[in-house]
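So the chains spell out like this:
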Amino acid sequence: MNKTDIKPETLWAIAWRQLRRNRLAMVCLGILAVYVLVWFYAEGVFWSARIADTTPAYKIARYEIRNEPPSWGHWLGTNYAGKDNLLLVAQGTRIAFEIGLLTSIIVIPIGFILGAFAGYFGRKTDSVITYVFSVVGSIPDILLIIGIAYVVHGVVERSVAMQTLTRYIDSGLLSVCVAMGFTGWVGLCRLIRGEYLKHRDRQYVLAARALGVSPLGIMFRHIAPNVFHIVIINFSLRFPGLILTEVVLSFLGVGIANEPSWGAIINDAKQRLWLGNWWELAGTTAAMFFLVLALNLFGDALRDALDPKLRTSQPAA
Amino acid sequence: MTAYLIRRLLSVVPIMLGVLMLTFLLFRVIGGNPAYRIAGKNATPEKIAQITRDRGYDKPYFVNLQDFPSQLLDAQFPRLLGRLLRGDFGESITTKEKVSDILRKGIWPSLCVTLPLFSLNLLLAVALALLAAYYRNTWVDRSLVVLAVMGMSVSSLVYIMVAQYWLAGEWGLFPVWGFENPYYLVLPVLIGVIAGVGGSVRFYRTIVLDEMYQDYVRTARAKGVSPQRILFSHVLRNALIPILTNVIIALPFLYTGSLLLESFFGIPGLGRMLVMAIPNGDEDVIYAETFLGSILFVLANTLTDIAYAVADPRIRLK
């Protein structure tokens, strides 16, 4: 057989094959798919109400059915204002995914571009970027997140430009994402910098350089596809942490207040629990539990499948 | 060695300056004039102007070019720097207490919760990690990992609420709120361990497994050392280095205490103070805690590096 006929299998194809063999990972992927469907549904509810300028069903208070335990009409019961918990939890799913997306919009460009420049150019560029992320990394994460969220809350309240923005994005959501975004890039930046350090002297990079490709072209057209899997692994392992941190921020009063995020619901449930309303907490916790669990386990499987270094170092003991 | 030590300790200075600069940019430059927060919601413009003048918020941020050069450092950042270097952390805007006093009072209750919590968590996690690594790739290992991940998937807030409501409230096994005798600490510590152990087990298991695949383990096995002996006297002793590194890096976090545990159980520690400082906009408290947390973190990191250099002469050359 002619050698050129063999099409080399891409990293993604190999990873997918390995993932498919992992039953636990496939179950998690199924769970994630269900959550994504719920997310789309909730976005639909939210935006259709927004466009038609009506109050969405999950926001309508019905005091005559407040604090009702789970029943066929309301699977997760109702809360103190008679809102259906199931609808609220579905909206919480939407916000969880929005947090993941918005935070990544901040984390990935900053982390990737700075990491790439530091790793590829080295010397002064590297020193400066390393200094910046050492400083950010030196402040205990939770303190910095709280600090940023607190300040952004204040800025949003006062600035007119921000108020235009918060017509489209909830102000609490914005401050939570900005806070977690501007602390979260450090980890990604370290990883990407390390990868670029490794790749910059590889044969294909030298070849590209000899052909006269510009540094930016080499960094983003040639090296980037070879290190992009790191971004995906990093995202899938960071996402569950974001969801859990949002709960803490809501409790501290710098989180989301106007929309039913899981943190906001749990924070509400705190007082109702002492009135005997356990279903509010139970429903939200269960919804959060399965998403975070599936993300964690799938993230691990994805890392094993995509990171060839780990693949070889795991002998079949 | 001395040269290395000096170089390493000096490198703390620019990092700390950076941390201060970052907190300053955040709270003063982006956050705007703190006088608005200090004066409260219904303050008159005169009051705000007065606070602004009294606290020097009307000065330039970094250098004062008026009347150059005698007034050069009469700006917000240099003044703040000077104040902090003298150990003056300002005062709380709600209680008018000095922040240094608040910190001194809060540190003991915080440590009462976090020290036992941290040690128990460490012991339990390392033990479980060794167990998982010893039975690697069997059902014991796999179920431990899944259990650990399951434990990580519940918000710590939920652990606290559930335990406080049922164990303390409904069944009355523990006090619900307060800080009077050691018995008040049992439930917070217990919850903290349960909430945190999952993540730690997973982390330490990776460390132990990394050691398991080293060449010296194969050598030991080849010369007939028993698996238990390999685990405890070969693998564990080598894994202690990364474990200890992790412990040292985590130590500064002991001082901020556990924000959530302290505020739910009414323990008057640093974490609870921070939680109360945020809605009040009590800037100096937030500021001081961030600053101290970072300085401890950087120092702990530096000490780890120095300890490594003492243990391994090759590092000094880099």
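*Asks:* What's the story with the overall build of chain B in this structure? I'm lost.
*Replies:* The number of helices and strands found in chain B is 15 helices and zero strands. Relative to a compact globule of 318 residues, whose C-alpha radius of gyration would be 20 Å, chain B shows 25 Å and is clearly more extended. Seen through its C-alpha atoms, chain B measures out along the principal axes to roughly 80 × 60 × 30 Å. Residues classed as buried in chain B amount to 48% of the 318 residues present. Charge separation in chain B, taken as the distance between the mean sites of 29 positive and 22 negative side-chain charges, equals 9 Å.

*Asks:* I'm lost on the packing of helix 5 (residues 141–158) of chain A against helix 2 (residues 12–30) of chain B in this one. Help?
*Replies:* To describe two helices that pack against each other, one gives the angle between their axes and the distance between the axes. Orientation of helix 5 of chain A relative to helix 2 of chain B, taken along the N-to-C sense of each, is 15 degrees, at an axis distance of 10 Å. As the angle between them shows, helix 5 of chain A and helix 2 of chain B are arranged roughly parallel. Along this stretch, helix 5 of chain A crosses helix 2 of chain B, giving a crossing that reads as left-handed. Between helix 5 of chain A and helix 2 of chain B, the residues in contact are Leu144, Gly147, Ile148, Tyr150, Val151 and Val155 of chain A and Leu22, Leu26, Phe27 and Ile30 of chain B, respectively. A breakdown of the residues in the contact of helix 5 of chain A with helix 2 of chain B according to their chemical character gives nine nonpolar, one polar and no charged.

*Asks:* What is the right way to read helix 2 (residues 23–52) of chain A from this model?
*Replies:* Since the α-helix turns once every 3.6 residues, residues separated by three or four places project in the same direction. Residue and element names in this part refer to chain A. Between its first and last C-alpha, helix 2 extends 44 Å over 30 residues, near the 44 Å set by a 1.5 Å rise per residue. Buried within helix 2 are the following residues: Ala25, Cys28, Leu32, Tyr35, Trp39, Ala42, Glu43, Phe46 and Ala49. Buried residues along helix 2 sit against helix 1 (11–21), helix 3 (85–121), helix 10 (262–273) and helix 11 (279–306). Where helix 2 begins, one side-chain oxygen reaches toward the backbone nitrogen of leucine 24, 3.2 Å away; that side chain belongs to asparagine 22. Count one or two residues on from helix 2 and you reach aspartate 53, which has phi positive near 55 degrees.

*Asks:* Teacher, can you tell me more about the nonpolar core here?
*Replies:* Soluble globular proteins tend to pack their nonpolar side chains together in the buried interior. With 145 residues, the main nonpolar core has Tyr196, Ile243, Trp262 and Leu291 of chain A as its most contacted residues. Looking at this core, the element that brings in the most residues is helix 9 (residues 215–252) of chain A, giving 17 residues. Residues from two domains meet in this core; each of domain 1 (33–88) and domain 2 (99–311) of chain B gives at least three. Not counting residues up to four positions away in its chain, the partners in contact with tyrosine 196 of chain A are Phe112, Gly115, Ala116, Gly119, Tyr120, Met219, Ile223, Ala224 and Val227 of chain A. Grouped together as the second largest cluster of nonpolar side chains are 26 residues, Tyr204, Ala220, Leu231 and Val235 of chain B included.

*Asks:* Looking at this structure, I do not really get the interface of chain B and chain A. What am I missing?
*Replies:* Interface size is commonly expressed as the accessible surface area that is lost when the partners come together. Across the contact, 49 residues belong to chain B and 44 residues belong to chain A. Here chain B meets chain A over a buried area of about 4000 Å², counting both sides, of which 79% is carbon and sulfur. Applying the counting criterion to the chain B and chain A interface returns one salt bridge. At the junction of chain B and chain A, the tally comes to five residue pairs in polar contact (both at pLDDT 80 or more). Sorting the residues of the side of chain B that touches chain A by element identifies helix 2, helix 7 (139–152), helix 8 (156–170), helix 12 (259–265), helix 13 (270–280) and helix 14 (283–311) of chain B as the ones contributing at least two each. Residue composition of the side of chain B that touches chain A, by class: 31 nonpolar, 14 polar and four charged.

*Asks:* I keep staring at the packing of helix 4 (residues 123–138) of chain A against helix 7 (residues 171–199) of chain A and nothing clicks. Help me out?
*Replies:* All names here are of chain A. Direction vectors running N to C along helix 4 and helix 7 enclose 140 degrees, while the axes themselves pass 9 Å from each other. The angle between helix 4 and helix 7 places the two elements in the oblique class. Here helix 4 runs over helix 7; the crossing is left-handed. Residues Asp126, Ile129, Thr130, Val132, Phe133, Val136 and Gly137 of helix 4 touch helix 7, and the partners they reach there are Phe182, Trp185, Val186, Cys189, Arg190 and Arg193.

*Asks:* Would you mind going over a nonpolar patch on the surface with me for this structure?
*Replies:* A surface patch of nonpolar side chains, amounting to about 930 Å² of accessible area, comprises Val128, Tyr131 and Val132 of chain A together with Met1, Leu5, Ile6, Leu9, Leu10, Val13, Leu17 and Val310 of chain B. When contributions to the nonpolar patch are tallied by element, the ones reaching two or more residues are helix 4 of chain A together with helix 1 (2–10) and helix 2 of chain B. Within the fold, leucine 5 of chain B resides in helix 1.

*Asks:* Looking at this model, I keep getting lost on the environment of glycine 154 of chain A. Mind explaining?
*Replies:* Within the secondary structure, glycine 154 of chain A is located in helix 5. Counting along the chain gives 61 residues from glycine 154 of chain A to proline 215 of chain A, while the straight-line C-alpha distance between them is 41 Å.

*Asks:* Whenever I open this one, the confidence of the model for chain B confuses me. Can you help?
*Replies:* Any segment with low pLDDT has predicted coordinates that should not be analysed in fine detail. Of all residues in chain B, 97% attain a pLDDT of 70 or more, and the chain-wide mean is 83. Under the prediction, the complex receives an ipTM of 0.84, its pTM being 0.87.

*Asks:* Can you help me understand the side chain of threonine 23 of chain B in this one?
*Replies:* Residues and elements named next belong to chain B. Among the structural elements, threonine 23 can be located in helix 2. Overall, threonine 23 belongs to the buried group, its relative accessible area being 4%. Within the structure, threonine 23 has its side chain in polar contact with the backbone oxygen of valine 19 (distance 2.7 Å). Residues in contact with threonine 23, not counting those within four places in the same chain, are Arg28, Tyr287 and Thr290.

*Asks:* Teacher, can you tell me more about the domain arrangement of chain B here?
*Replies:* Residues and elements named next belong to chain B. You can read the domains of chain B as domain 1 (33–88) and domain 2 (99–311). Centre-to-centre, using C-alpha coordinates, domain 1 lies 40 Å away from domain 2. Three residues, Arg37, Leu80 and Leu84, lead the burial of domain 1 against domain 2; their summed loss comes to 58% of the area buried on that side. Run the count over domain 1 and domain 2 and you get one salt bridge. Between arginine 83 and aspartate 284 there is a salt bridge, and its shortest N-O distance comes to 4.0 Å. If you look at where domain 1 meets domain 2, you find zero residue pairs in polar contact (both at pLDDT 80 or more). In terms of residue count, the dominant contributor to the side of domain 1 that touches domain 2 is helix 5 (residues 76–85) (three residues). For the side of domain 1 that touches domain 2, the residue count by class is four nonpolar, no polar and three charged.

*Asks:* Honestly, the environment of serine 200 of chain B in this entry has me stumped. Any pointers?
*Replies:* Residue and element names in this part refer to chain B. Topologically, serine 200 is positioned in helix 9 (residues 183–212). Linking serine 200 and histidine 234, residues 34 residues apart in sequence, is a C-alpha distance of 21 Å. Not counting the four nearest positions on each side in its chain, serine 200 is found in contact with Asn121 and Ala125.

*Asks:* Just to check I follow, could you spell out the packing of aromatic side chains for this structure?
*Replies:* Working definition: an aromatic ring pair is given by the centre-to-centre distance plus the angle between the planes. Under the definition given, this model contains 21 aromatic pairs over all chains. Taking 6.1 Å as the distance between ring centres and 85 degrees as the angle between the ring planes, the aromatic pair formed by phenylalanine 112 of chain A and tyrosine 196 of chain A counts as edge-to-face. Linking phenylalanine 112 of chain A in helix 3 with tyrosine 196 of chain A in helix 7, this pair joins segments that are 84 residues apart in sequence. The pair phenylalanine 112 of chain A / tyrosine 196 of chain A is uniform in exposure class, with both members buried. Judged by centre distance (6.1 Å) and plane angle (85 degrees), the ring pair of phenylalanine 24 of chain B and tyrosine 61 of chain B falls under edge-to-face. With a gap of 37 residues between them, phenylalanine 24 of chain B in helix 2 and tyrosine 61 of chain B in the loop between helix 4 (45–54) and helix 5 connect regions that are remote in the sequence. Overall, phenylalanine 24 of chain B belongs to the buried group, its relative accessible area being 0%. Feature note: the residues Trp39, Phe40, Phe97, Phe235 and Phe239 of chain A constitute an aromatic cluster, connected by ring pairs.

What counts and how
- Each chain carries its own residue numbering, running from 1 in the written order of its sequence.
- To label them, take the chains in the order written and letter them from A, then take the ligands in the order written and number them from 1.
- Totals for whole chains, interfaces and linings use all residues, but because this is a predicted model, local features are given only for residues with pLDDT of at least 70 and pairs of side-chain atoms are given and counted only at 80 or more.
- Heavy atoms throughout the structure, all of them, feed into the side-chain values; hydrogens and water do not.
- Under the DSSP-based scheme used, a helix requires at least four consecutive residues in state H or I and a strand at least two consecutive residues in state E, with every element numbered from the N terminus.
- Computation of the radius of gyration draws on C-alpha atoms alone. For the globule rule, the value is 2.2 Å times the number of residues to the power 0.38.
- Any residue under 20% of the maximum accessible area for its type is buried, any over 50% is exposed, and the rest in between are partly exposed; the area is computed with a 1.4 Å probe on protein chains only.
- Neither His nor the chain ends is counted toward charge; the positive residues are Lys and Arg and the negative residues Asp and Glu.
- In plain terms, the charge of a residue is placed at NZ if it is Lys, CZ if Arg, CG if Asp and CD if Glu.
- With axes taken as lines fitted to C-alpha atoms, and helix axes fitted only over the stretch in contact, angles between N-to-C directions fall between 0 and 180 degrees.
- These descriptions rest on fixed angle ranges, namely under 35 degrees for roughly parallel, over 145 for roughly antiparallel, 65 to 115 for roughly perpendicular, and the rest for oblique.
- We call a crossing left-handed when the near helix sits turned anticlockwise from the far one by less than a right angle, and right-handed when that turn is clockwise.
- We call two residues in contact when some of their heavy atoms are within 4.5 Å.
- Lys, Arg, Asp and Glu make up the charged group, whereas Ala, Val, Leu, Ile, Met, Phe, Trp, Tyr, Cys and Pro make up the nonpolar group; the residues left over, Gly among them, are polar.
- In a helix, the anticipated span is given by 1.5 Å times the number of residues less one.
- Side-chain atoms alone can form a polar contact between residues adjacent in sequence; in general such a contact is a pair of N or O atoms within 3.5 Å, and within protein one must be able to donate a hydrogen while the other accepts it.
- Here the nonpolar core consists of buried residues drawn from Ala, Val, Leu, Ile, Met, Phe, Trp, Tyr and Cys, with membership extended through side-chain atoms lying within 4.5 Å.
- Domain delimitation follows an automatic or database domain assignment.
- Buried surface area refers to the total accessible area, computed with a probe of radius 1.4 Å, that the two partners give up upon joining, counted for both partners together.
- Whenever Lys or Arg places a side-chain nitrogen within 4 Å of a carboxyl oxygen from Asp or Glu, that contact is recorded as a salt bridge.
- Exposure above 30% relative accessible area and the lack of any salt bridge qualify a residue for a patch; like charges then connect within 9 Å, and the nonpolar side chains Val, Leu, Ile, Met, Phe, Trp and Tyr within 5 Å.
- We get accessible surface area from the Shrake-Rupley algorithm with a probe of 1.4 Å; when it comes to residues, only the shown protein chains can shield them.
- Per-residue confidence from the predictor is given as pLDDT, running between 0 and 100.
- Here a pair means two rings of Phe, Tyr or Trp (six-membered ring of Trp) with centres within 6.5 Å. Their orientation is stacked below 30 degrees between planes, edge-to-face above 60, and tilted elsewhere.

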